[in-house]
Amino acid sequence: MPEHKNRVDALLSLVQENRTTSLSCIGMAKNVGKTVAFNHLIQAAAERSLTLGLTSIGRDGERRDEVFLTPKPRIFAPAGSLLATATGTLSRSEAQLEIVQRTGFTSAMGEIIVGRTRTSGLVELAGPTLISEHQRIQELFVRYGAELTLIDGALDRVSPAVPGLAQSIVLSTGAALGQSIELVLAKTQDRVNRLSLPQVASSLLSVCSRIMDANQTALLSEDLTPCILDVRHSLLAGDQLKKLIGKQTEFAVLSGAVGDGILESLLDSRRQGRIQLVLRNGAALFCSSEHWRRFSAAGGSIRVIEPIRLLAVTLNPVSPTGGSFNAGEFFHRMSAALAPLPVFDLVQSYGQFTRNLATQESK
């Protein structure tokens, strides 16, 4: 088997070994190789005769980048694949499509339909933007025979990483993100850390879930008795956190987004940051890496109730605007920095991964 095919097959094997039936491919920025990775996974799955469900967060697969006006890799759909896309994309898709279900979901490009490709060919995808609609799409995919759903995430959006959208994610990064390997590595490591936040202890899970389901912000002492804050949104909770956190406070549970102001308040409280911050998932963490570092250095920690399963990172050492990296150096530095997370350059045929992700998931 050619080396390139080995790497692509290894990535799909990683997906299947983790019993993933829905996967979201997300990118750190435009032109980091997300759609290339998406197409490689489609090809590898087709070679294993898997029936695919293909869709996107928003629009993808168009001929030219809408921002940079550069040619984009288009999405190839094998015959027999299921697609969820807007009706406005159908005239630009080369594959012949049979509509099997109208969803009633609306978008700027028309109603979202579920179709099956009668012939293989290039397609344009413009799927729903709401997580709830994607969940319904996946139910329809399964009903019509899909064995693996692949979701192409749009430009640097957080939503494709939310656990409710897909069971696992693959993150793409590359030279388009920065002018040096050091900068790209730092940005990617920070994103990986956010996507890999560990789950709270099982003893906390039930009480934290109830607080978040009620869209509340609360403080917990060691006996887990909640003190509910009177705030409409977690981003506005800073002043109350500083006032209400006492010496017995062990946990701060926030159901919404968390930025720098919240961490500043925790650091300024009577616990001076020595507290565990509990979020719904890593997609809710919007603080700067510097504030996160200060909070951790003070003895604080961050946990989630819905951990995100990040399976692998793919690399693109080439930037369309110049400043490309040496592929070998880029791969070896990224794989060393992100270990034990699997890292692949699917075009240059570099890749290393650990079949057992128990070490990663227990971090």
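Residues numbered from 1 in each chain as written. Predicted model: local features only at pLDDT ≥ 70, side-chain atom pairs only at ≥ 80, totals over all residues. Heavy atoms only, no water.

Caption draft 1: Just the overall build of the protein, in detail. The number of helices and strands found in the protein is 10 helices and 19 strands. By the burial criterion, 53% of the 363 residues in the protein qualify as buried. For the protein, the proportion of contacts with a sequence separation of at least 24, taken over those separated by at least 6, is 73%. Within the structure as shown, the protein displays about 15,700 Å² of accessible surface, and the carbon and sulfur contribution to it stands at 49%. (Helix = DSSP H or I, 4+ residues; strand = E, 2+ residues; numbered from the N terminus. Buried < 20%, exposed > 50% of the residue type's maximum accessible area, 1.4 Å probe, protein only. Contact = heavy atoms within 4.5 Å. Areas by Shrake-Rupley, 256 points an atom, 1.4 Å probe, with all protein chains shown as cover.)

Caption draft 2: Representation of helix α2 (residues 34–47). For α2, with 14 residues, the first-to-last C-alpha span of 20 Å sits near the 20 Å given by 1.5 Å per residue. Among the 14 residues that make up α2, 10 are buried, leaving the element largely enclosed by the rest of the structure. Taken from the residues just after α2, S49 is the one with a positive phi, measuring 60 degrees. (Expected span 1.5 Å × (residues − 1).)

Caption draft 3: The arrangement of the sheet that holds strand β16 (residues 301–304) in detail. Strands sit in the order β13-β12-β14-β15-β16 across an open sheet of five strands; the sheet is mixed. Unpaired on one side and paired on the other, β13 (226–228) and β16 mark the two borders of the sheet. Pairs of neighbouring strands in the sheet enclose a mean axial angle of 25 degrees, with direction left out of account. Where strand β12 (residues 217–221) lies against β13, three bridges are found, and the strand directions are antiparallel. When the sheet's bridge partners are listed, L220 is paired in β13 with P226. (Pairing = 2+ DSSP bridges. Axes fitted to C-alpha atoms, helices over the stretch in contact; angles between N-to-C directions.)

Caption draft 4: Broad picture of the pattern of salt bridges. Scanning the model with the defined rule gives 14 salt bridges in all. Between E329 and R333 there is a salt bridge, and its shortest N-O distance comes to 3.5 Å. Here R333 and E329 lie together in helix α9 (residues 327–338), a separation of four residues that amounts to about one turn. Residue classification places E329 among the partly exposed positions, given a relative accessible area of 38%. Connected through shared salt-bridge partners, E182, E329 and R333 make up one network. (Salt bridge = Lys/Arg side-chain N within 4 Å of Asp/Glu carboxyl O.)

Caption draft 5: Spotlight on the confidence of the model for the protein. Overall, the prediction assigns the protein a mean pLDDT of 88, with 89% of residues at 70 or greater. Per-element averaging of pLDDT across the protein places helix α10 (residues 358–361) at the bottom with 36 and β16 at the top with 98. Per-residue pLDDT stays below 50 along residues 354–363; that stretch engages in 15 contacts with residues further than four places along the chain or on separate chains. (pLDDT = per-residue confidence, 0-100.)

Caption draft 6: Geometry of unusual backbone geometry. A cis geometry characterises the amide bond from A339 onward to P340, with omega recorded as 10 degrees. With respect to the secondary-structure elements, P340 resides in the loop between α9 and β18 (343–345). A positive phi angle, near 55 degrees, is found at R19, a position not held by glycine. By the element assignment, R19 lies in the loop between α1 (3–17) and β1 (22–27). We classify R19 as exposed; its relative accessible area is 75%. Positive phi, normally seen in glycine, also occurs at L224, with a value near 70 degrees. Note on L224: relative accessible area 23%, which makes it partly exposed.

Caption draft 7: Local environment of the environment of G33. In this structure, G33 sits in the loop between β1 and α2. The class for G33 is buried, based on a relative accessible area of 19%. Apart from the residues lying within four places of it in its own chain, the contact partners of G33 are S172 and N316.

Caption draft 8: Highlighting the side chain of S234. Turning to its location among the elements, S234 is positioned in the loop between β13 and α6 (238–244). Judged by its relative accessible area of 3%, S234 is buried. At 2.7 Å, the side chain of S234 and the backbone oxygen of A257 are in polar contact. Once you skip the residues sitting within four places of it in the chain, S234 turns out to touch T217, L254, G256, A257 and I262. (Polar contact = N/O pair within 3.5 Å; in protein donor to acceptor, adjacent residues only side chain to side chain.)

Caption draft 9: The packing of helix α7 (residues 260–268) against helix α8 (residues 289–297), seen in detail. Relative orientation of the contacting elements α7 and α8 amounts to 25 degrees, with a least axis distance of 10 Å. Accordingly, the angle class assigned to the pair α7 and α8 is roughly parallel. In this structure, α7 crosses over α8, and the sense of that crossing is left-handed. Every residue of α8 that contacts α7 at D260, L263, E264, L266 and L267 is listed here: H291, W292, R294 and F295. Grouping the constituent residues of the contact of α7 with α8 by class yields five nonpolar, one polar and three charged. (Parallel < 35°, antiparallel > 145°, perpendicular 65-115°, else oblique. Left-handed = near helix turned anticlockwise from the far one by under 90°. Nonpolar A, V, L, I, M, F, W, Y, C, P; charged D, E, K, R; others polar.)

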